[in-house]
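Structural description and commentary
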Amino acid sequence: MSGGSGAGTAAADRIRAFPFPFAQDSYRYSTNLGPAGQPVQTSTGRWGDSVLHIDAGYAAELAERRAILGRDPSRMQVLPHMRPAAWDAMLTLMQELAATYPDTMALHREPAGRFRWTNRRRGIDQRFSYGDPSTLPQAPLAFIGDQVQEDIVLLDQREGQLFVDAGLVCFASNWSFGFDLGMSFLEIHGPVPRVHDTGVITRAQQLLLRLQPDVPYRRTNWSLAVGGHLDLSTETYPEWGPGRDRIHEVDDATFGAEVHLRVEVQHLLRLPETGCVMFLIRTYQLPLEVIAEVQPWRERLAAVLAELPEDMADYKGFTAYRNRAVDWLSDRAASGSVD
Ligand code: HEM
């Protein structure tokens, strides 16, 4: 799949960098937090070299985020006490971008609390005074949210807890940022099965409360999703829900093209100025027909789906087509692998 055309190369890159999330043939929830920045080798390539990841989808995903925000401004909210954290997040993300993509991004500190930010991929050359909104064309979270593919959540830490008090989330996987705004980390995870008895969420919270600046952590989460839409927010359920609920009616070729393995790479960083926690969610998707071309992925995903307990499949929203996905993957002879 070395591909001569731009589109072919982009597709091959997406497969090479896909964060296939399973290290064994079964899956259970776990805290699964580990240090960020350490690459993970997969059957097709590797992922995880950096906190932020720009790929060929950059322009399209940012255009989609813009369109979603235009239709539904509730996807970005900053409670008043979090305004300093939004600046902190913006500067931290600029530093990450500049460190990871020095050919196209640069952040220069100038005298008197001023900065110059350049993002040549977006045609941006912007001077600003840290903390002064009149020096930016948009609010800081909107400005930086238009330059990273990651969704951004900012958590305030107070009284030994974490609260989701700001963010810019356009690509939620079956939840609503607007609904969760102001809720605690424990409240938000209330509906997740199993994690309370097993202590997964309280352990995660303990770790997050002790997070140190400059020592980012990461984890993955996954699901199956229909249609390849990035925006699976509760708000747009009428747009994507019916397609999901009718997926059992389609023929095999359509099933393989429509059902996607959806993986989130989630990073957690302590912001240096405000002490808030920044949670970044980067969403990757590949259709089953592409997963099936990579034999170890095809076999492992089939095994994981076949073994997954009913309550977890239910919560993830694919009970109705889980067995069909297992059969589809199992029936599929490997038609080649990615070089
Ligand atoms: C869902 C664990 C961080 C927001 C979940 C699920 C797990 C989990 C196991 C169920 C996912 C599924 O079945 O697909 C963790 C762990 C974390 C963490 C171990 C450690 C850092 C966060 C943070 C946020 C967050 C920082 C902040 C917004 C959510 C939301 C859901 C979710 C909104 C969906 C809940 C719903 O259905 O309404 N999380 N999470 N998580 N998590 Fe987390």
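Just above sits the structure.
The structure reproduced in this document is the subject of the present report. (Residues numbered from 1 in each chain as written. Predicted model: local features only at pLDDT ≥ 70, side-chain atom pairs only at ≥ 80, totals over all residues. Heavy atoms only, no water.)

The first and last C-alpha atoms of helix H2 (residues 58–71) sit 20 Å apart over 14 residues, in line with the 20 Å expected at 1.5 Å per residue. Buried within H2 we find Tyr58, Glu61, Leu62, Arg65 and Ile68. Taken down its axis, H2 places every buried residue within 120 degrees of arc, on the same side. Across H2 from its buried face, at more than 90 degrees, point the exposed residues Ala59, Ala60, Arg66, Gly70 and Arg71. Elements that come into contact with the buried residues of H2 comprise strand S5 (105–110), strand S6 (114–119), helix H4 (140–145), strand S8 (151–158), strand S9 (161–168) and strand S12 (277–287). (Helix = DSSP H or I, 4+ residues; strand = E, 2+ residues; numbered from the N terminus. Expected span 1.5 Å × (residues − 1). Buried < 20%, exposed > 50% of the residue type's maximum accessible area, 1.4 Å probe, protein only. Arc of directions from axis to C-beta. Contact = heavy atoms within 4.5 Å.)

Below, the discussion takes up the site of the ligand. Residues in close proximity to the ligand total 23 residues, the closest being Tyr29, His189, Asn221, Tyr315 and Lys316. Within the side chain of Tyr29, one N or O atom sits 2.3 Å away from an oxygen atom of the ligand. At a separation of 2.2 Å, an oxygen atom of the ligand approaches a polar side-chain atom of Tyr315. Most atoms of the ligand, that is more than half of them, are within 2 Å of grid points of the largest pocket. Classifying every residue of the shell around the ligand gives 17 nonpolar, three polar and three charged. (Near = heavy atom within 4 Å. Polar contact = N/O pair within 3.5 Å; in protein donor to acceptor, adjacent residues only side chain to side chain. 1 Å grid on protein atoms, 1.4 Å probe; cavity = no way out; pocket = protein on both sides within 12 Å on 5 of 7 lines; lining within 4 Å. Sits in = over half its atoms within 2 Å of the grid points. Nonpolar A, V, L, I, M, F, W, Y, C, P; charged D, E, K, R; others polar.)

As a further point, take the packing of aromatic side chains. Scanning the model with the defined rule gives 15 aromatic pairs in all. Look at Tyr27 and Trp222: their rings are 5.3 Å apart centre to centre, the planes differ by 85 degrees, and that puts the pair in the edge-to-face class. Pair noted here: Tyr27 is in the loop between helix H1 (6–16) and strand S1 (34–35) and Trp222 is in strand S10 (residues 217–226), with a separation of 195 residues, a long-range link. Like Tyr27, the residue Trp222 is buried in the burial classification. Here the aromatic rings of Phe318 and Tyr321 are separated by 6.3 Å at their centres, their planes lie at 55 degrees, and the arrangement is tilted. With a relative accessible area of 2%, Tyr321 lands in the buried category. Grouped by ring-pair contacts, the aromatic residues Phe18, Phe20, Phe22, Tyr27, Tyr29, Trp222, Phe255, Trp297, Phe318 and Tyr321 constitute a single cluster. (Phe/Tyr/Trp six-rings, centres within 6.5 Å; stacked < 30°, edge-to-face > 60°.)

For the rest of this paragraph, the subject is helix H8 (residues 237–245). Within H8, burial applies to Trp240, Gly241 and Arg244. The buried side chains of H8 occupy one side of the element, clustering within an arc of 110 degrees when seen end-on. Residues of H8 that are exposed and angled more than 90 degrees away from the buried face: Pro238 and Glu239. Structurally, H8 contributes buried residues whose contacts are with S10 and helix H13 (319–331).

The values reported here are purely geometric and, on their own, carry no functional implication.
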